[in-house]
Structure formats: C-alpha cells, structure tokens
Amino acid sequence: MLDYVALEADLDSEERMIRDTAREFVDDRIRPDIGTHFEEGTFPEGLMAEMGELGFFAPNLEGYGLPGVSETAYGLLMQELEAGDSGIRSAASVQGALVMYPIYAFGSDEQKEEWLPKLGTGEAVGCFGLTEPEHGSDPASMETRAEKDGDEYVLSGSKTWITNSPVADVAVVWARDTSADESPVRGFLVETDHDGVSTNKIDEKLSMRASITGEIGLSDVRIPEENVLPNVSGMKGPLSCLTQARYGIAWGAVGAARDCFETARAYASDREQFGKPIGGFQIQQQKLAEMATQITTSQLLVHRLADLKERGDLRPQHVSMAKRNNVRMARDQARIAREMLGGNGITTDYSPMRHMANMETVYTYEGTHDIHTLILGQDLTGIAAFE
Ligand SMILES: Cc1cc2nc3c(=O)[nH]c(=O)nc-3n(C[C@H](O)[C@H](O)[C@H](O)COP(=O)(O)OP(=O)(O)OC[C@H]3O[C@@H](n4cnc5c(N)ncnc54)[C@H](O)[C@@H]3O)c2cc1C
C-alpha cells in the first residue's frame with residue numbers, strides 16, 4: 001500500500017491493529033460484492049452490526065463502552081473503510097461523528113446511557129437531519145420548527161439527503177425552538193417510529209449508491225422534552241458535529257484515492273499494449289507519479305491534523321482545508337485511475353469509476369468545496385464572502 005514517506009512507521013501498536021482490522025474487514029466483507037451493491041443501490045445487510053462489533057463507531061470517544069483510541073487510529077479507520085467504498089465510511093461517520101458525538105458532547109446522562117451503548121454496537125442505527133429541501137449550504141436558514149407544548153415539543157418540517165434515514169432507529173434533528181427567545185437551533189432525538197415521522201428513500205442517485213439516503217418528514221411530531229439535547233444551543237451544535245465528521249472525511253478521501261492508485265498501478269503492470277506493460281510508457285508513469293505525490297501530500301495533511309486534534313489545537317478551518325483539498329484530490333485521482341484502465345475502467349469490476357462517482361457526493365456533502373473555500377477565505381482575510 002502506498003505509504004511513500006513512511007508515515008505508518010510511526011504508528012503505535014493500537015493504531016496498527018485498528019488499521020489492519022479495518023483493512024482485513026474491507027478485503028473480506030466489502031471488496032467481494034461492493035460492485036453489486038453499487039449497481040443495485042443497496043447497503044450490505046447486517047453490516048452495521050458487524051461494524052459495531054468491530055468497534056468502528058466513534059472509537060475515539062471514551063466511556064459507555066467506547067475505547068477512546070487516538071485520533072490517528074480513528075483517521076486510519078476512516079481511510080481504510082473509504083478504500084472499500086465511501087458509502088461504508090459514510091455509514092460509520094454518520095453513526096459515530098454525527099449521531100453518537102452530539103449525544104456524547106451535548107446529551108443528558110440519561111440520553112447517553114440510553115443511546116451510546118446500542119449505537120456503539122450497531123444494535124441501533126442513527127441519522128443526522130440538518131439539510132432541508134430549500135436550505136443546504138445555508139442551514140442556519142432552516143425552517144423546521146419545534147414548539148413547546150406543556151412537557152412536550154411538537155416538531156414540524158422536512159429534512160432531505162439524510163444518510164441512513166430510512167433504516168435509522170433515531171434521528172438527531174436540528175430545528176428552531178420557537179418557544180425560546182430568538183428561536184435558537186436545538187438538537188432533538190426523534191425516534192423514527194414516532195407518529196408523524198416519515199423517512200422516504202431517495203432512489204435516483206448516480207453517486208454513493210451503496211449507501212441508503214432518504215428524507216425525514218416531521219408532521220406535528222410530539223416528543224418529550226427529555227429528548228432535547230440539553231447542553232447546546234445555536235448553530236455551534238450541528239457545526240461542531242460536522243467538524244468531527246469532516247475530519248474523518250479528510251482521512252477517508254485519502255483511502256479512496258489510494259485504492260484508485262493501487263488499482264491503476266496493478267493494472268499498468270499487467271496490461272500489455274504495443275508488446276509491453278502500459279506501465280512502461282512515460283505517459284502512464286507520469287500519471288502514477290502525480291497520483292502518488294498528491295496522495296502523499298494529502299496523507300501528510302491529515303497526519304498533522306491528528307496531532308493538532310490530539311492536543312486540542314485543531315480549528316474547524318484546519319478541517320475545512322483538509323476536507324477541501326483531500327476530496328478534490330481524490331476526485332481528480334479517481335478520474336486519472338479510471339482513464340488508465342481504458343474501457344475496463346468504466347465497469348464495476350474495478351473500483352476507480354465507483355470511487356469517482358462517490359466523490360461527487362463527498363465533494364458536495366458536509367460543506368461543498370465552494371463553502372470550504374469561503375470558510376478559508378474568511379479565515380485568511382477576516383472578510384466573510386458568503387452573502
Ligand atoms: C448522498 C448524500 C448524503 C447526504 N447526507 C446528509 C446527512 O446525512 N445529513 C444532512 O443533514 N445532509 C446530508 N447531505 C446534504 C449535503 O450536506 C448538502 O447536499 C450540501 O450541504 C449542499 O447543499 P445543497 O445540496 O442544498 O446545495 P446548495 O446549497 O443549493 O448549493 C448549490 C451550489 O451552490 C454553491 N453555493 C451555495 N452557496 C454559495 C455561496 N454562498 N457562494 C458560492 N457558492 C455557493 C454550492 O457550492 C453548490 O455548488 C447529503 C447529501 C448527499 C448528496
């Protein structure tokens with residue numbers, strides 16, 4: 001596996017173990033039939049429980065059965081899962097960073113005790129409802145409302161593009177609390193079997209096909225006030241979850257790019273034209289050299305991010321830079337790998353075009369490339385250019 005400047009030489013034994021476990025899982029459980037799942041638009045059945053059993057959900061948190069592994073170990077896990085498929089990494093990211101993290105960081109003791117153990121094992125599946133049909137890049141303009149009525153909240157509105165909503169047991173729904181001054185955004189734990197909740201599946205995807213995506217309809221859904229995440233108010237709630245998930249995406253994209261590179265390198269050694277392997281032609285070597293360089297510089301960035309995160313110095317803008325750079329990098333490398341595979345490259349028999357299609361989603365979700373550009377622009381100049 002490409003590790004050109006020997007970053008993995010510095011891993012400790014736990015980090016190696018997690019990397020190897022995830023790599024083996026991807027080889028045994030994902031690679032054999034991910035092409036079929038991608039074609040059919042299905043997520044492998046029973047995989048959430050298997051991933052839970054292997055400790056793939058939020059292992060960087062500690063307590064409630066979670067081991068508190070290093071941020072490097074967590075990143076390596078995301079990298080290996082996305083080398084399999086972005087849909088598999090997305091499932092783990094959403095469960096860990098977007099559902100378990102907000103409950104862990106902002107939940108009551110009762111909420112943590114109720115949800116974290118079963119989300120950790122995959123016995124329960126969660127989803128994260130922020131995006132709405134009319135509000136994607138600008139979630140602060142959300143229209144979903146929660147109105148207090150006695151000791152209950154009544155939620156109404158709709159969310160869309162929600163990973164795993166059709167198979168989720170619980171949704172972390174972000175809504176404006178219209179009973180409080182200035183209607184702050186609050187997080188609500190909504191069980192999906194509640195009256196008034198619907199979770200239609202979105203079928204027409206050409207990207208991230210081995211991942212379930214859906215809507216969340218909320219039609220006067222009554223939930224007890226104990227289901228509000230008590231310890232956060234305002235957009236910092238959802239945004240801090242997104243920082244966690246984007247950190248994992250920056251690592252994951254490197255895995256997808258690496259898988260494209262390894263596929264192209266192997267193909268270039270085997271495939272002969274004009275009497276020799278295509279890897280013997282300068283044009284193909286230039287492509288491999290460029291891919292290896294881009295992947296290596298992206299790896300360096302996420303390893304540095306892990307150190308900053310570990311010592312509490314990671315800023316959301318650092319994560320924006322890495323998400324923006326590494327996903328664009330992976331999107332570009334997937335296309336180059338695909339072209340090196342010639343006609344075979346357009347099939348599901350090889351991974352690059354699947355990764356290429358997936359990267360269109362990864363480029364767009366969790367803050368589009370453009371939005372991360374604006375975040376960096378604001379950080380670098382002090383002037384916001386969003387509006
Ligand atoms: C497969 C998939 C899974 C997803 N999973 C989830 C999930 O689990 N939970 C969730 O809440 N959401 C999820 N999303 C939604 C995702 O986060 C949004 O699609 C994303 O935030 C972009 O919003 P939008 O699609 O409405 O695009 P828009 O915000 O409408 O953007 C359209 C275009 O305009 C550009 N643009 C917008 N504003 C500006 C600006 N100020 N300046 C310059 N350009 C701008 C954008 O960069 C983009 O190119 C998912 C999306 C997909 C595709």
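Remember, it's a predicted structure, so these values are computed and weren't measured experimentally. (Residues numbered from 1 in each chain as written. Predicted model: local features only at pLDDT ≥ 70, side-chain atom pairs only at ≥ 80, totals over all residues.)

Chemist: Would you mind showing me how to read the site of the ligand here?
Modeler: Around the ligand, a shell composed of 21 residues is seen, among which Leu130, Gly136, Ser137, Thr368 and Asp370 lie nearest. For the shell around the ligand, the elements supplying multiple residues, two or more each, are strand E3 (126–129), strand E5 (152–163), helix H10 (352–364) and helix H11 (369–381). Residue classes in the shell around the ligand are distributed as 10 nonpolar, 9 polar and 2 charged. Three or more residues apiece are contributed to the shell around the ligand by two domains, here domain 2 (127–233) and domain 3 (236–381). (Near = placed C-beta within 6 Å. Helix = DSSP H or I, 4+ residues; strand = E, 2+ residues; numbered from the N terminus. Nonpolar A, V, L, I, M, F, W, Y, C, P; charged D, E, K, R; others polar. Domains from an automatic or database assignment.)

Chemist: Explain the UniProt feature "domain: Acyl-CoA oxidase/dehydrogenase middle" (unreviewed entry) in the protein chain to me, please; I cannot follow it from the model alone.
Modeler: The UniProt feature table records "domain: Acyl-CoA oxidase/dehydrogenase middle" (unreviewed entry) at residues 127–221. Across residues 127–221 one finds 0% helix and 48% strand; the C-alpha atoms that close the span lie 17 Å apart. (UniProt positions renumbered as here; feature names shortened; annotations may be inferred.)

Chemist: Sorry if this is basic, but what is going on with the UniProt feature "domain: Acyl-CoA dehydrogenase/oxidase N-terminal" (unreviewed entry) in the protein chain here?
Modeler: Mapped onto this numbering, the UniProt entry gives "domain: Acyl-CoA dehydrogenase/oxidase N-terminal" (unreviewed entry) at residues 13–123. Strand forms 4% of residues 13–123 and helix 72%; the C-alpha atoms that close the span are 29 Å apart.

Chemist: Please explain the packing of helix H7 (residues 236–270) against H10 as it appears in this structure.
Modeler: When two helices pack together, you describe them by how their axes are tilted relative to each other and by the distance separating the axes. Between H7 and H10, whose axes approach to 10 Å, the crossing angle comes to 160 degrees. With respect to their mutual orientation, H7 and H10 come out roughly antiparallel. Of the two elements, H7 crosses H10, and the hand of that crossing is left-handed. The residues of H10 that touch H7, namely those facing Ile249, Ala253, Ala256, Asp259, Cys260, Thr263 and Ala264, are Pro352, His355, Asn358, Met359 and Val362. Classifying every residue of the contact of H7 with H10 by side-chain character gives 8 nonpolar, 3 polar and 1 charged. (Axes fitted to C-alpha atoms, helices over the stretch in contact; angles between N-to-C directions. Parallel < 35°, antiparallel > 145°, perpendicular 65-115°, else oblique. Left-handed = near helix turned anticlockwise from the far one by under 90°. Contact = placed C-beta atoms within 7 Å.)

Chemist: How should I be thinking about unusual backbone geometry in this particular structure?
Modeler: For residues besides glycine, phi is generally negative; the peptide bonds are generally trans as well. The backbone of Ala6 shows a phi angle near 55 degrees, a positive value even though the residue is not glycine. Note on placement: Ala6 falls in the segment before helix H1 (13–30). The exposed category is assigned to Ala6, around which 7 C-beta atoms lie within 10 Å. Non-glycine residue Tyr64 carries a positive phi angle of around 55 degrees. Along the chain, the position of Tyr64 falls in the loop between strand E1 (62–63) and strand E2 (66–67). (Buried ≥ 20, exposed ≤ 12 C-beta atoms within 10 Å, placed from the backbone.)

Chemist: I keep staring at the domain arrangement of the protein chain and nothing clicks. Help me out?
Modeler: Assigned domains within the protein chain: domain 1 (7–125), domain 2 (127–233) and domain 3 (236–381). For domain 1 versus domain 3, the distance between C-alpha centres works out to 20 Å. In this assembly, 25 residues from domain 1 lie in contact with 27 residues from domain 3. Elements represented by at least two residues in the side of domain 1 that touches domain 3 include exactly helix H2 (34–40), helix H4 (71–84) and helix H5 (86–106). Among the elements that line the side of domain 1 that touches domain 3, the one with the most residues is H5, at 10 residues.

Chemist: Sorry, what's going on with helix H8 (residues 282–310) here?
Modeler: Each α-helix winds once per 3.6 residues, and so residues spaced three or four apart point in a common direction. Helix length check: H8 (29 residues) gives 42 Å between terminal C-alpha atoms against 42 Å at 1.5 Å per residue, within 8%. Listing the buried residues of H8 in full gives Gln284, Lys287, Met291, Gln294, Ile295, Ser298, Gln299, Val302, His303, Leu305, Ala306 and Lys309. Each element contacted by the buried residues of H8 is listed here: H4, H7 and helix H9 (316–340). Gly312, located one to two residues past H8, shows a positive phi value of around 80 degrees. (Expected span 1.5 Å × (residues − 1).)

Chemist: Looking at this model, I keep getting lost on the pairing of strand E4 (residues 145–149). Mind explaining?
Modeler: In regular strands, side chains alternate between the two faces of the sheet. Note that E4 and E5 share 5 bridges and pair antiparallel. Opposite Lys148, over in E5, you have Tyr153 as the bridge partner. Here E4 hands over to E5 after 2 residues, with Gly150 in that stretch at a positive phi of 65 degrees. Summarising the sheet, E4 and strand E6 (residues 170–177) pair through 2 bridges and their orientation is parallel. The partner of Ala146 across the bridge, within E6, is Asp177. (Pairing = 2+ DSSP bridges.)

Chemist: Just to check I follow, could you spell out the environment of Val125 for this structure?
Modeler: Structurally, Val125 can be placed in the loop between helix H6 (109–121) and E3. Separated by 157 residues in sequence, Val125 and Gln282 have C-alpha atoms that sit 49 Å apart. Ignoring any residue separated from it by four or fewer positions in sequence, one finds Val125 in contact with Met48, Gln95, Asn164, Val167, Ala168 and Asp169.

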